[in-house]
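Take a look at the letters that make up each chain.
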Amino acid sequence: MPHGLTVLIPCKDERRHLPGAVASAQAIADEVLVADSGSTDGTLQLARELGCRVIEREYVTSGDFKNWAIPQATYDWVLIVDADERVSPKLAREIKQRLAKPATADGYWVRRVNQFFGKPLRFGSWRPTRLLRFFRRDFGRYVGDTDHAEVSISTGRVGKLRSPLHHLAIWSYERYLPKLYRYADVQAQLWHGRGRRTNIWQLVFRGPLRFGQDYVLRGGLFDGAAGLQSAVLVAYGSYLKQARLWELQQLAEQRQREQQQTPAPPSATLSDSAAADSTPSGSTSITPNSESIDTAA
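Notes on the structure follow. In this text the structure is predicted, and so the values were computed from the model without any measurement. (Residues numbered from 1 in each chain as written. Predicted model: local features only at pLDDT ≥ 70, side-chain atom pairs only at ≥ 80, totals over all residues. Heavy atoms only, no water.)

This brings us to the overall build of the protein chain. Helix and strand content of the protein chain: 8 helices and 13 strands. Considering the protein chain as a whole, with its 297 residues, one finds that 42% of them fall into the buried category. Across the protein chain, the fraction of contacts at a sequence separation of at least 24, relative to all contacts at a separation of at least 6, is 74%. (Helix = DSSP H or I, 4+ residues; strand = E, 2+ residues; numbered from the N terminus. Buried < 20%, exposed > 50% of the residue type's maximum accessible area, 1.4 Å probe, protein only. Contact = heavy atoms within 4.5 Å.)

And the structure:
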C-alpha cells in the first residue's frame, strides 16, 4: 500500500514564489503544509486559497523552525521544499515509485540544482549539492545552530534519489542581500559566544581568498557572468561574517570599559557639623588659624 506524503514548505513573505512551489508539490503530495514565520505580504491568504494547511510561529533559525513544523505533518513521509524550490517532474515520479514500494531507507538525499537568475550553476560553491530532504516524519530532525543545519536520520538508514530539485537560489539582489546578512549574523553570534575572535588580517584576506577559491579553484569562472557574481557573493558573505564578529567584539569591549569607568558609590562620612555635634561637653575646642583656646566652664 502506498505511503502518504506531506510536502512541508517553510516560508515568510513568499507570495511571489509560493504558487510555483505549491503547484510542483501537489503533483505528489497528499498534503501541502505551509509553515509561516510572520508573513505580511498576503502569503497566508494565498496559501489557503491554494489548498494548503497553514501553521504559524516565529522564526529563530532554519533548523529550529523546521523541527517545530515536521511533527505536525499529517503523513508518515515528509518532503521539505522551500518556496523558491521546485519539484521536477522526474523527481516527482521517482518519489512516487519509492512510496509505492516497501521502504529500504528512512531518509533520502536529494540532488539540488541551484539557479542564478534562472541559469543553472555547475561549478563553485553553488554547484549541485545533495540535501537530506525526503524522510520519515518520526526519524528525521535538523541538527545544528545555523541557518544551514542539516537533517539527521536517527536510524542511519539513508538512500539517494537521482532526480533534481530545482532551486531558484538568487533571483533578486534586493531579497538576497538581507538574507546574506542574516546568515552572517547568526554565524558571528555563535562564534562570539564560543570566544572566537577576528582581526584585521581576517578582514583583509578572508573575502579575497574565498573569492579565489570559489571562482578559480572550484571553477566558478566556467559559469560565466553568473559564476562571477555568485563567487563575489560568497566572498562578501565570508567577509561579512568577520565584520559582524569584529563589531560584536567592539561592543563587548565598550561595555567592559564603561563598567570599569563607572565610579564606585561614595562611602558614608560624618559632616563637619555632625562631627562638631559629636564633640563631648566640656572638651576643648580649637578654632583653626586662631591662637585662642576656649575652655568650657
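Scanning the model with the defined rule gives 16 salt bridges in all. Residue Arg 133 is joined to Asp 82 by a salt bridge in which the shortest nitrogen-to-oxygen separation is 3.7 Å. Placement of Arg 133 in strand S8 (residues 129–136) and of Asp 82 in the loop between strand S4 (77–80) and strand S5 (85–87) is noted, with a sequence separation of 51 residues between them. A relative accessible area of 5% means that Arg 133 is categorised as buried. Ionic pairing is found between Arg 157 and Asp 106, a salt bridge with its closest N-O pair at 3.1 Å. With Arg 157 in the loop between strand S10 (150–153) and strand S11 (158–170) and Asp 106 in the loop between helix H4 (89–100) and strand S6 (107–116), this residue pair connects regions lying 51 residues apart in the sequence. The partly exposed category is assigned to Arg 157, whose relative accessible area is 39%. Asp 106 gets classed as buried once you look at its relative accessible area, which sits at 3%. Residues joined in a network through salt bridges with shared partners are Lys 66, Asp 82, Glu 85, Arg 112 and Arg 133. (Salt bridge = Lys/Arg side-chain N within 4 Å of Asp/Glu carboxyl O.)

The next subject is unusual backbone geometry. For residues besides glycine, phi is generally negative; the peptide bonds are generally trans as well. Its identity is not glycine, yet Asp 13 carries a phi of approximately 50 degrees, on the positive side. Mapped onto the fold, Asp 13 is located in the loop between strand S1 (5–11) and helix H1 (18–25). Classification of Asp 13 by relative accessible area gives partly exposed; the value is 21%. Positive phi, normally seen in glycine, also occurs at Phe 117, with a value near 50 degrees. Secondary-structure assignment places Phe 117 in the loop between S6 and strand S7 (119–120).

Turning to the nonpolar core, a few remarks are in order. Counting residues in each nonpolar core, the largest one holds 31 residues, and the members touching the most others are Leu 5, Ile 9, Leu 79, Ile 95 and Phe 134. Secondary structure elements with two or more residues in this core: S1, H1, strand S2 (31–36), helix H2 (43–49), S4, H4, S6 and S11. Those residues in contact with Ile 9, other than ones at most four positions away along the chain, are Leu 18, Ala 21, Val 22, Val 32, Leu 33, Val 34, Ala 35, Val 81, Asp 82 and Ala 83. Within the second largest apolar cluster, 16 residues are counted, among which are Val 78, Leu 132, Phe 135 and Tyr 142. (Core = buried A, V, L, I, M, F, W, Y, C linked by side-chain atoms within 4.5 Å.)

Now for the environment of Arg 130. Structurally, Arg 130 can be placed in strand S8. Look at Arg 130 and you get partly exposed, because its relative accessible area is 35%. Taking C-alpha positions, Arg 130 is 9.8 Å from Arg 162, a pair spaced 32 residues apart along the chain. Those residues within four positions of Arg 130 in sequence are excluded, and the remaining contacts are Trp 109, Val 110, Arg 111, Lys 160 and Leu 161.

Here we come to helix H6 (residues 200–217). With 18 residues, H6 should reach 26 Å at 1.5 Å per residue; the first-to-last C-alpha distance of 25 Å fits that figure. Taken as a whole, H6 carries its principal kink of about 30 degrees at Arg 206; the proline Pro 208 stands between one and four residues after it. Regarding H6, its N-cap is Asn 199, as a side-chain oxygen of that residue lies 3.0 Å from the backbone nitrogen of Trp 201 further along. (Expected span 1.5 Å × (residues − 1). Bend = angle between axes of the 7 residues up to and from the residue. Polar contact = N/O pair within 3.5 Å; in protein donor to acceptor, adjacent residues only side chain to side chain.)

Note on placement: Ala 73 falls in the loop between helix H3 (62–69) and S4. Take Ala 73: its relative accessible area is 7%, and that puts it in the buried class. Measuring from C-alpha to C-alpha, the distance between Ala 73 and Leu 5 comes to 8.7 Å, with 68 residues separating the pair along the chain. Beyond its immediate stretch of four places on either side in the chain, Ala 73 contacts Thr 6, Glu 31, Leu 33, Arg 53, Val 78 and Arg 137.

In this section: the packing of aromatic side chains. One pass over the structure, following the stated rule, counts 11 aromatic pairs. Seen from their ring centres, Trp 201 and Phe 205 are 6.2 Å apart, and the 15 degrees between their planes marks the pair as stacked. You can see Trp 201 and its partner Phe 205 sitting in helix H6, 4 residues apart, about one turn around the helix. Site record: aromatic cluster; members linked through ring pairs are Tyr 59, Phe 65 and Trp 68. (Phe/Tyr/Trp six-rings, centres within 6.5 Å; stacked < 30°, edge-to-face > 60°.)

In this section: the side chain of Glu 31. On the secondary structure map, Glu 31 appears in strand S2. Engagement of the side chain of Glu 31 in a polar contact is seen with the side chain of Thr 6, the distance being 2.6 Å. Excluding anything up to four places from it in sequence, Glu 31 contacts Leu 5, Thr 6, Val 7, Arg 53, Ala 73, Thr 74 and Tyr 75.

Turning next to the pairing of S6. Most of S6 sits out of view: 8 of its 10 residues are buried. One ladder, built from 6 bridges, connects S6 with S8; its direction is antiparallel. Across the sheet, the residue bridging to Val 110 is Leu 131, located in S8. In this structure, S6 lies alongside S11, joined through 8 bridges in parallel fashion. In the strand pairing of S11, Val 113 is matched with His 166. The pairing of S6 with S7 spans 2 bridges and is classified as antiparallel. Bridged to Gln 115 within S7 is Pro 120. Between S6 and the antiparallel strand that follows it, S7, lie 2 residues; Phe 117 among them carries a positive phi value of about 50 degrees. (Pairing = 2+ DSSP bridges.)

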